[in-house]
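The residues making up each chain are set out below.
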Amino acid sequence: MKSYDHKKIERKWPQEKLTARRQKGAGFSRRKQALYDHIRIERKWQTKWSKDKIYKTKEDDRKEKFYMLDMFPYPSGEGLHVGHPKGYIATDIYSRFKRMQGKNVLHPMGFDAFGLPAENYALKTKTNPEVSVKTNIKRFKKQLEIIGLDYDWTREISTTDPSYYKWTQWIFLQLFKKGLAYESYEPINWCPVDKTGLANEDVENGRCERCGALVEKKPMRQWVLKITDYAEKLLEGLEKLDWPESIKDLQRNWIGKSEGAQIGFKVKGTGDSIEVFTTRADTLFGATYVVLAPEHALVEKLLPRLTNKEEIVRYIERSKKEAEIDRTAEGKEKTGVELKGVMAINPANNEEIPIWVADYVLGSYGTGAIMAVPAHDERDWKFAQKYNLPVRSVIEPCFTQISGLDAVRKDLPMVEREAIIAIVKHWKEEKYIVLRWKKVTWHTFVTGGIEEGQTPEQAAIMEIREETGYLHPMLVQDLGKSHGKFYHVQKQVNRFAHFHSMYFKLQDGEREEVLLEEKEKHEVIWLSKAEIEKHFSLDGGQSYVWKILQKEIATYTGEGILINSGNFSGTSSEKVKKKITESSGGKMVTKYKLRDWVFSRQRYWGEPIPLIHCEKCGVVAVPEKDLPVKLPKVKKYEPTGTGESPLAHISKWVNVKCPKCKGPGKRETNTMPQWAGSSWYWLRYMDPDNKKAFVDKKKEAYWSPVDFYVGGAEHATRHLIYARFWHKFLYEQKLVAKPEPFMKLQHVGLIMGEDGRKMSKRWGNVISPDTIVEKFGADSLRIYEMFMGPFDQAIAWNTNNLVGARRFIERVWSIQRKVLTDKKFMDATALRVLLHKTIKKVTEDIAAFKFNTAISQLMIFVNECERQEQLSLEIFKIFILLLAPFAPHASEELWAQYGEKSSVHRAPWPLYDATLLLAATVTLAVQINGRVRASISISPDTAQPEALALALSQPEVQRWVGGGSVRKVIYVPGKILSLVV
RNA sequence: GCCGGAGUGAUGAAAUUGGCAAACAUGCACGACUCAAAAUCGUGUGCUGAAAAGCUUGUGGGUUCAAGUCCCACCUCCGGCACCA
């Protein structure tokens, strides 16, 4: 997706200029409307289509079905802006196209209207949400209708309709009965402004996604759906879906699968054990302390044993108060307190290590406790530095070359060798010695092997002298050990080198001559720090040593060779994770970041959760025959802020008989979140009026799955995960036929305001489709929005460019005068070829959702028609068919004018004649030494000798070949002839 | 930090098994029509250059007869996640 630079746009289109342009009418004259009267034509056909119900869909076994779905809108009080219909126009085009290709197309529309935005709007305008939602839906629907969209409105649904939410409640009860809905008292995200609990998915950067208020942690009773049971299935299911890889990645990220080990650290002198989760069990020997999250249950349990009880209690109280956002803020200094008086035992080496409580460990992830390995983890390292905790290194880096000349060769054995890397600094300047290799494009520091009996330092001094000639290096710093596996080009063996890295400074510039043999290998150059870091890249090992010297690496977090790890020392870290885990009594486990779905809202405007609390029977489901549990009509529906929903105050509604024991019971007063209704709506469209089931099984089997789903990418981690979760559940209950709801997904790129910012009332850059439709016509709006650019890309609105779309339709209109109904008229072959090329391009581009290039091709065709004196009705009618999905009104009018009785939108899609597209001759570019110097006109099946002969006869070619001889000829028939002279 | 995406004229953009960069559209300039303006139509429009020609797809390198497209390194921007052990 192309990024959006709104500063750039603002520079070009300052507000005054935009306003002036709009007033001017952006270069479009009203007089022209007389020629093509969009208002009359669009109104006429919209009325007729609706009267004839040409888009009404029924199940039909003789035809192949195609289910095209839009993400249904949330009818806000502000109505649609021009950005909203972009996706709807695309699905409209696509579904018309599929219908013309003979598919039985289901393309429904509805409205999602429960939840915070509608309720907040109602509170603001002091109307009951039931009333305002109805008004908003009416307005939205009207706005969609004037664009000429092909929805089957007989299937319209609204999530707030009791006949709809009856089934939302019913599905919830199925989840409840299977134990997938449970009551929890855990602290959850609480929005203090909207006064409701929120799901993880509703929190963005620690703020409420709706209102931007800082989210607090608040313990309260709530209903939670066990989506985590489906984590693995949701992850696996992605594999088979034809979705953009980016959206799949967002979901994978959100689910956050992580495979690691769970290892117990016994608390000395108690029966307790601290279970930690780690992905780096290989570093277990380096665990020098363990850390518990402040909310970890064991902290409280150990409290009596502690000598600093008060301090701990204070720390925990403080961290509870802190908002999540502050606690996890970037760069925040870590804090923690040691649990004094208890020790944990590292199961790897039975060492006693301290136990800390610190808020950098999250209670909600893993086991809520970690083993800290400061030598090989950034966070632990920082914490250890601050509190002066011991650091033990257990891994030495190992770098394996996997690409390039020196990549390890699998067929050869490894030869081990002790070696050195020496970074040598100039005696005066801030420069370092680098060897520039002659036969390969490498740069390295001084390196070499260690001979028998040499110390690393001696070996380094010798290498410095041999390779650079400098006589007086002085060892300044030991940079530690690292390892490298690579192919030694000169020695032709795989080398497993164990490097001792050192930093030297030359005491003076005294130098002896370097042996010729060394000179041939490489050249000594002096480079500054910046040059080393910028102008060439060191390989993994060399750059590691450099970074150690620059103190850029405080702690090594990569893989390597184990040291200080008992029997495991010397082995490679990737391979021993499982062995170390098992030998320490741990087990391999899988953890997910995905949290269960907090499903209660303490607000009025949502589906009531259909449960009854009974003192005797506990929580009881409302019997199916009593569904829906209707949302009671109330005067006051402001949120209470107490953690109870406003429904709790309606005693008449709350107090009911327990369905089981007939004793006194109380209704659940929490309502469902906004995402509930949209988690199954595509199923209801298949059978919207069913009173006996949420969908008829046969109808569901016919229409499922949704073949193509189009909507905003912002729903990747909410709606699309919830919907897949519910669908998978229904599938397992054998209530639906397919395991996944949406086979193919495409996301819409936003339309930004003319100033490059998001279209919003706040910026005053909102453009309403109504005014555009009125002034330029729905067909112009449709074509413009599809022509703007790639469909999935964010693009700024530009009324100026819209004129081009209108002009295009007018040009189509004006071509009519050239159309001959005389059947004997023969079109020029070129026009006929272009027509078939156009059929091909438009067909393929619509299928690929590349509407911009499809329209471009239609424009090319129209421009060519303008150049013709006359053209046949036959050709023009085929063109109308191609135009129909894009400009349904204009093409229907033209279609009718030429005597067609039935709708163009029910006509069959044209096919192209492939034989016509095989051109007799093509223009072939002739390149000489990589430059195009001439072009020749030949048949694409000409053989090379003839083509070459023809090319050489061209004066241009002769001029460039000159006296030289042609050394090489590359001939790609129909594409290019390339000569090397 | 991690994951994903993008960078091409004045502007929106086009071009993918590597084969003539800038299709189509907007804008702009000039011309026709007009008393005039608008609209419409026509011509031109990447940069340098008088021309010949050269240069040009974020930067630097590489592979190739040929690179926007493939490889390596880097820069910038956008989206998402982020103390996730």
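Residues numbered from 1 in each chain as written. Chains lettered and ligands numbered in written order. Predicted model: local features only at pLDDT ≥ 70, side-chain atom pairs only at ≥ 80, totals over all residues. Heavy atoms only, no water.

## Regarding the sheet that holds strand S34 (residues 745-748)
The criterion, for reference: One requirement defines pairing of two strands: DSSP has to find at least two bridges between them. Per the convention used, a helix needs a DSSP run of H or I reaching at least four residues, while a strand needs a run of E reaching at least two, with both numbered from the N terminus. Every axis corresponds to a line fitted to the C-alpha atoms, with the helix fit spanning only the stretch in contact, and the corresponding angles, defined between N-to-C directions, vary from 0 to 180 degrees. The contact criterion used throughout is that any non-hydrogen atoms of two residues lie within 4.5 Å.
Strand order across the open sheet formed by 4 strands is S2-S1-S33-S34, with parallel pairing between neighbours. Because the sheet does not close on itself, it has two edges, and the strands there are strand S2 (104-106) and S34. Going across the sheet, the axis of each strand differs from the next one's by a mean of 20 degrees, ignoring polarity. Of the strands in this sheet, strand S1 (65-70), S2, strand S33 (708-712) and S34 are in contact with helix H4 (residues 85-100), which crosses S1 at around 170 degrees.

## A short note on the environment of Val961
Inspection of the secondary structure assignment puts Val961 in helix H32 (residues 955-961). For the pair Val961 and Lys616, spaced 345 residues apart in the sequence, the C-alpha separation amounts to 101 Å. The contact partners of Val961, leaving out residues within four places of it in the chain, are Ile928, Leu952, Val966 and Val981.

## Considerations on the sheet that holds strand S5 (residues 181-184)
Read across the sheet, 3 strands follow the order S5-S11-S28 without closing on themselves; strand pairing throughout is antiparallel. In this open sheet, the two edge strands, each paired with only one partner strand, are S5 and strand S28 (597-598). Bridging between strand S11 (residues 222-225) and S28 involves 2 bridges; their strand directions are antiparallel. Bridged to Val224 within S28 is Val598.

## What to know about the confidence of the model for chain A
Basically, it comes down to this: You can read pLDDT as the predictor saying how much it trusts each residue, on a scale of 0 to 100.
Overall, the prediction assigns chain A a mean pLDDT of 88, with 94% of residues at 70 or greater. The least confident element of chain A is helix H2 (residues 15-24), whose mean pLDDT is 47; the most confident is helix H20 (residues 681-684), at 98. Every residue in residues 18-34 scores below 50 in pLDDT, and together they form 27 contacts with partners more than four places removed in sequence or on other chains. Model confidence for the complex: the whole-complex pTM is 0.91, and ipTM, which rates the interface, is 0.95.

## A look at unusual backbone geometry
Here Leu627 and Pro628 are connected by a cis peptide whose omega angle stands at 0 degrees. By the element assignment, Pro628 lies in the loop between strand S30 (618-621) and helix H19 (651-654). The residue after Ser704, namely Pro705, is reached through a cis peptide bond having omega -10 degrees. One can find Pro705 in the loop between helix H21 (697-703) and S33. With a phi angle near 50 degrees, Asn564 is a residue other than glycine that sits in the positive phi range. Even without a glycine there, the phi angle at Lys662 is positive, about 65 degrees. Counting through the fold element by element, Lys662 comes out in the loop between strand S31 (655-657) and strand S32 (664-667).

## Side note on the packing of helix H25 (residues 799-815) against helix H28 (residues 873-883)
Put simply, the rule reads: Small angles under 35 degrees read as roughly parallel and large ones over 145 as roughly antiparallel, with 65 to 115 read as roughly perpendicular and the rest as oblique. Helix crossings fall into two classes, left-handed where the near helix is turned counterclockwise from the far one by less than a right angle and right-handed where it is turned clockwise. Only Asp, Glu, Lys and Arg are considered charged in this grouping, and only Ala, Val, Leu, Ile, Met, Phe, Trp, Tyr, Cys and Pro are considered nonpolar; every other residue, Gly among them, is considered polar.
At a closest axis distance of 12 Å, the pairing of H25 and H28 adopts a crossing angle of 155 degrees. In terms of orientation, H25 lies roughly antiparallel with respect to H28. Where H25 crosses over H28, the two elements pack in a sense that is left-handed. Contacts between H25 and H28 pair Phe808, Val812 and Ile815 from the former with Phe876, Phe879 and Leu883 from the latter. Looking at the contact of H25 with H28 residue by residue, the class counts come to 6 nonpolar, no polar and no charged.

## A short note on the nonpolar core
Put simply, the rule is: Buried Ala, Val, Leu, Ile, Met, Phe, Trp, Tyr and Cys residues form a nonpolar core when they are joined through side-chain atoms within 4.5 Å. Residue burial is assigned from relative accessible area. The probe radius is 1.4 Å, only protein chains are included, and a residue is buried under 20% of its type maximum, exposed over 50%, and partly exposed in between.
Judged by nonpolar contacts, the single largest core of 175 residues is most densely connected at Phe172, Trp597, Tyr681, Phe694, Trp797, Phe808 and Phe886. Apart from residues lying up to four places away in sequence, Phe886 is in contact with Ile93, Arg782, Ile783, Val842, Ile846, Phe851, Ala854, Ile855 and Leu858. Listed in part, the 67 residues of the second largest apolar core include Ile395, Phe499, Tyr556 and Ile580.

## Remarks on the environment of Leu831
With respect to the element layout, Leu831 can be found in helix H26 (residues 829-847). Not counting chain neighbours up to four residues away, the residues in contact with Leu831 comprise Phe861, Glu864, Cys865, Gln868, Leu871 and Ile875.

## Side note on helix H3 (residues 38-52)
Using the following cut-off: Helix span, as expected, comes to 1.5 Å for every residue beyond the first. This arc is built from the directions going out from the helix axis to the C-beta atoms.
With 15 residues, H3 should cover 21 Å at 1.5 Å per step; its first-to-last C-alpha distance of 21 Å lies within 8% of that length. Within the span of H3, buried status applies to His38, Ile41, Glu42, Trp45, Gln46 and Trp49. Taken end-on, H3 shows its buried residues confined to a sector of 120 degrees, consistent with a single buried face. In H3, the exposed positions that point more than 90 degrees away from the buried face belong to Arg43, Thr47 and Lys51. Residues of H3 that are buried sit in contact with helix H6 (129-145), helix H23 (769-776), helix H24 (778-787), H25 and helix H29 (888-897).

## Re the side chain of Arg724
Put simply, the rule reads: Polar contact is defined as a pair of N or O atoms within 3.5 Å, subject to the rule that within protein one atom must be able to donate a hydrogen and the other to accept it, and that residues adjacent in sequence are counted only when both atoms are side-chain atoms.
Here Arg724 is to be found in helix H22 (residues 719-732). In terms of polar contacts, Arg724 uses its side chain to reach the side chain of Gln251, at 2.7 Å. Sequence-distant contacts of Arg724, defined by excluding residues within four places in its chain, comprise Lys233, Leu234, Gly237, Leu238, Leu241, Trp243, Gln251, Glu740 and Pro741.

## Considering the packing of H25 against H29
Viewed as axis vectors pointing N to C, H25 and H29 meet at an angle of 5 degrees, and their least axial separation amounts to 11 Å. Viewed along their axes, H25 and H29 adopt a mutual orientation that is roughly parallel. Only Ala890, Glu893, Leu894 and Gln897 of H29 make contact with H25, whose side of the interface consists of Ile809, Val812 and Trp813. Looking at the contact of H25 with H29 residue by residue, the class counts come to 5 nonpolar, 1 polar and 1 charged.

## With respect to helix H5 (residues 116-125)
Residue pairs spaced three or four apart in an α-helix point in one direction, given the helix's 3.6 residues per turn. For H5, the complete set of buried residues consists of Leu116, Ala118, Glu119 and Ala122. Take H5 and look down its axis: the buried residues cluster within an arc of 165 degrees, on one side only. Packing partners of the buried residues in H5 comprise H6 and strand S7 (196-198). Immediately downstream of H5, the backbone of Lys126 shows phi near 55 degrees, a positive value.

## Here we look at the pattern of salt bridges
Opposite charge on two side chains permits them to pair, given that their charged atoms come into close proximity. So the rule is basically this: We count a salt bridge whenever a side-chain nitrogen from Lys or Arg sits within 4 Å of a carboxyl oxygen from Asp or Glu.
Here the structure, examined in full by the defined rule, presents 52 salt bridges. Glu183 is paired through a salt bridge with Arg221; the nearest N and O atoms lie 2.9 Å apart. Taken together, the residues span a long stretch of sequence, with Glu183 in strand S5 and Arg221 in the loop between strand S10 (216-219) and S11 at a distance of 38 residues. Taking the relative accessible area as the measure of exposure, Arg221 reaches 24% and is therefore partly exposed. Between Glu518 and Lys521 there is a salt bridge, with the nearest N and O atoms lying 3.9 Å from each other. One end of the pair, Glu518, and the other, Lys521, are both in helix H15 (residues 516-521), 3 residues apart, so they sit about a helical turn from each other. Lys521 gets classed as partly exposed once you look at its relative accessible area, which sits at 24%. Taken together, the shared-partner salt bridges connect Asp202, Glu209, Arg210, Arg601 and Arg718 into one network.

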